[in-house]
Amino acid sequence: MPYVEGSHHVTLSVAGAQEDVDFHVGILGMRFIKRTVLFDGSLPIYHLYYSNANGDPSSVVTTFPWAQAGFYGKRGTNQAREVLLAVPHTAMDFWSTRLTEHDVEVEDVEVFGQRRLAFRHPSGIEYRFVGAEGDERVGHAGNGVPPEHAVHGIHGVGVHVSTPERMVEFAEESFFSRAGLAEEGDRVGLQIGNQKVGNHLEITVNRRDDQGTWSYGAGTYHHFAWNVATLENQDEVKFEIEGRGYTDISELKDRKYFKSVYVRTPSGALFELAVTHADGGWTCDESPHELGTRFQLPEQFEHRREEILGRLEPINL
Ligand SMILES: [Fe+2]
């Protein structure tokens, strides 16, 4: 039987590369594990990867800093909007103070009876820290973040839609939603796949905003990746989704560290089905202790190394 294991990573279109590194590493304390480029198209743009201590699937946030190319997006409805990250539930006061000290505006909100911290990435993307209990994913300590407060990884994804029914139907009938639909006001919460953590899909009804950007554009959420564990299972999952009529699903793409297909969901949010395969993983081109220290170019761009490096702004850690 095809299945989804849980989440794999989140991919965002941000503005500047240095401000993105400063935010994820300098403020959120995440581990910088990979600096490479976008593999699609011909425009050289960084692809930056951040994770928890171990680079676990379900802990990774990746970004394309688009300001360099002048591509800006518009947040709106019918797209993924909220980056939901899990932190220890005992760490909320620490994070509230830390974010404020770093001039990040932070607001306390309550969702599904739980306290959350709402703040934004410098490019405007909405982040939420969700307090977790018993989450065994090990956060990355450093830059003033002690281990007991560090980010565990992904909690899930918040999607905004003008009408939620078709997306709930997709999740329940074709995308491995577990039983139990939480409802609160204009928000519905589901869990996808086998894992206990990191796999929350929250759907918010949003009829106020115009349709948001689907292309790459700074300030917008590009896609959410699910972990489908094996290449065989990935094939089966794709086959089943197509069999329900969702044929807006891509061919297999080799992302070096993992292999993926992409499906446009009825909410407008783009989902990726990723597999970290035997020849991939973060350590396929760097040793575990050097992760993120060297600029990695995929084979197809190697002949353009000088030109590409000349175009990208230097990053200081
Ligand atoms: Fe991705």
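Here, every reference points to the structure presented above.
Residues numbered from 1 in each chain as written. Predicted model: local features only at pLDDT ≥ 70, side-chain atom pairs only at ≥ 80, totals over all residues. Heavy atoms only, no water.

## Re the coordination of the iron ion
We count it as follows: Water is not among the atoms examined, so metal sites may look incomplete; donors are the N, O and S atoms within 2.8 Å of the metal, or within 3.2 Å for Na, K and Ca. Helix and strand assignments come from DSSP, with helices taken as H or I runs of at least 4 residues and strands as E runs of at least 2, each series counted from the N terminus. Three exposure classes are used, based on accessible area relative to the maximum for each residue type with a 1.4 Å probe and protein chains only: buried under 20%, partly exposed in between, and exposed over 50%.
Around the iron ion, the protein supplies H9 (NE2), H223 (NE2) and E272 (OE) as donor atoms, at distances of 2.1 Å. Between consecutive donors of the iron ion, the numbers of intervening residues give the motif H-x213-H-x48-E. Of this pair, H9 sits in strand β1 (residues 6-14) while E272 sits in strand β16 (residues 270-275); the two residues are 263 residues apart in sequence, bridging distant segments of the chain. The pair H9 / E272 is uniform in exposure class, with both members buried.

## Details of the layout of surface pockets
The following threshold applies: Here a cavity denotes a set of grid points, spaced 1 Å apart and computed over the protein atoms alone, in which a 1.4 Å probe fits but from which it cannot get out, and a pocket denotes an open set meeting protein on both sides within 12 Å along at least five of seven lines; residues with an atom within 4 Å of a point are reported as lining. Grid points are joined across faces, edges and corners, and a volume is the space filled by probe spheres set on the points. In this classification, the charged set is Asp, Glu, Lys and Arg, the nonpolar set is Ala, Val, Leu, Ile, Met, Phe, Trp, Tyr, Cys and Pro, and all remaining amino acids, among them Gly, are polar.
Space inside the largest pocket adds up to approximately 460 Å³. As for the largest pocket, its lining consists of 21 residues, and the residues nearest its centre are E82, V109, A118, R128 and R187. Mapped by element, the contributors of at least two residues to the lining of the largest pocket are β5 (79-88), β6 (107-111), β7 (114-120), β8 (126-132) and β12 (200-205). The biggest single contributor to the lining of the largest pocket is β6, with four residues. Here the lining of the largest pocket is built from residues that sort into seven nonpolar, two polar and twelve charged. As a volume, the second largest pocket reaches approximately 330 Å³. Residue lining of the second largest pocket: 23 residues in total, with Q114, H155, Q191, K196 and H200 positioned closest to the centre. Those elements that provide at least two residues to the lining of the second largest pocket are β7, β8, β11 (187-191) and β12. Of the residues in the lining of the second largest pocket, the class split is eight nonpolar, eight polar and seven charged.

## Some points on the pattern of salt bridges
The test is simple: What counts as a salt bridge is simple: a side-chain nitrogen of Lys or Arg found within 4 Å of a carboxyl oxygen of Asp or Glu.
Counted under the stated rule, the structure contains 19 salt bridges. As a salt-bridge pair, K253 and E251 come within 3.4 Å of each other at their nearest N and O atoms. When its relative accessible area of 21% is taken as the criterion, K253 is described as partly exposed. The class for E251 is partly exposed, based on a relative accessible area of 49%. E290 is the partner of R294 in a salt bridge, and the nearest nitrogen-oxygen pair spans 2.6 Å. Counted as one network, the salt bridges with shared partners bring together K34, K256, D285 and E286.

## Things to note about helix α4 (residues 231-243)
Put simply, the rule reads: Expected span of a helix, by definition, is 1.5 Å for each gap between consecutive residues, and there is one gap fewer than residues. Think of the arc as the fan of directions from the helix axis to the C-beta atoms. Pairs of residues are marked as contacts when any of their non-hydrogen atoms sit within 4.5 Å.
Here α4 spans 18 Å end to end across 13 residues, near enough to the 18 Å set by a 1.5 Å rise per residue. All buried positions along α4 are accounted for by N233, Q234, V237, K238 and I241. End-on, the buried residues of α4 take up no more than an arc of 140°, which puts them together on one face. Counted as exposed and oriented over 90 degrees from the buried face of α4: E232, D235, F239 and G243. Where α4 is buried, its residues touch α3 (165-174), β15 (259-264) and β16. Looking at the residues trailing α4, positive phi occurs at G245, about 100°.

## Quick notes on the environment of I241
Tracing the backbone shows I241 in helix α4. A relative accessible area of 0% places I241 in the buried class. For I241 and F170, which are 71 residues apart along the polypeptide, the C-alpha to C-alpha distance reads 9.2 Å. Discounting chain neighbours no more than four positions away, the residues touching I241 are F170, S174, F175, Y246, I249, V263 and L273.

## Side note on helix α2 (residues 92-101)
Buried residues of α2: M92, W95, S96, R98 and L99, and no others. In this structure, the buried residues of α2 make contact with α1 (17-27), β5, β6, β7 and β8. Where α2 ends, the next residue or the one after it, D103, has phi of about 60°, a positive value.

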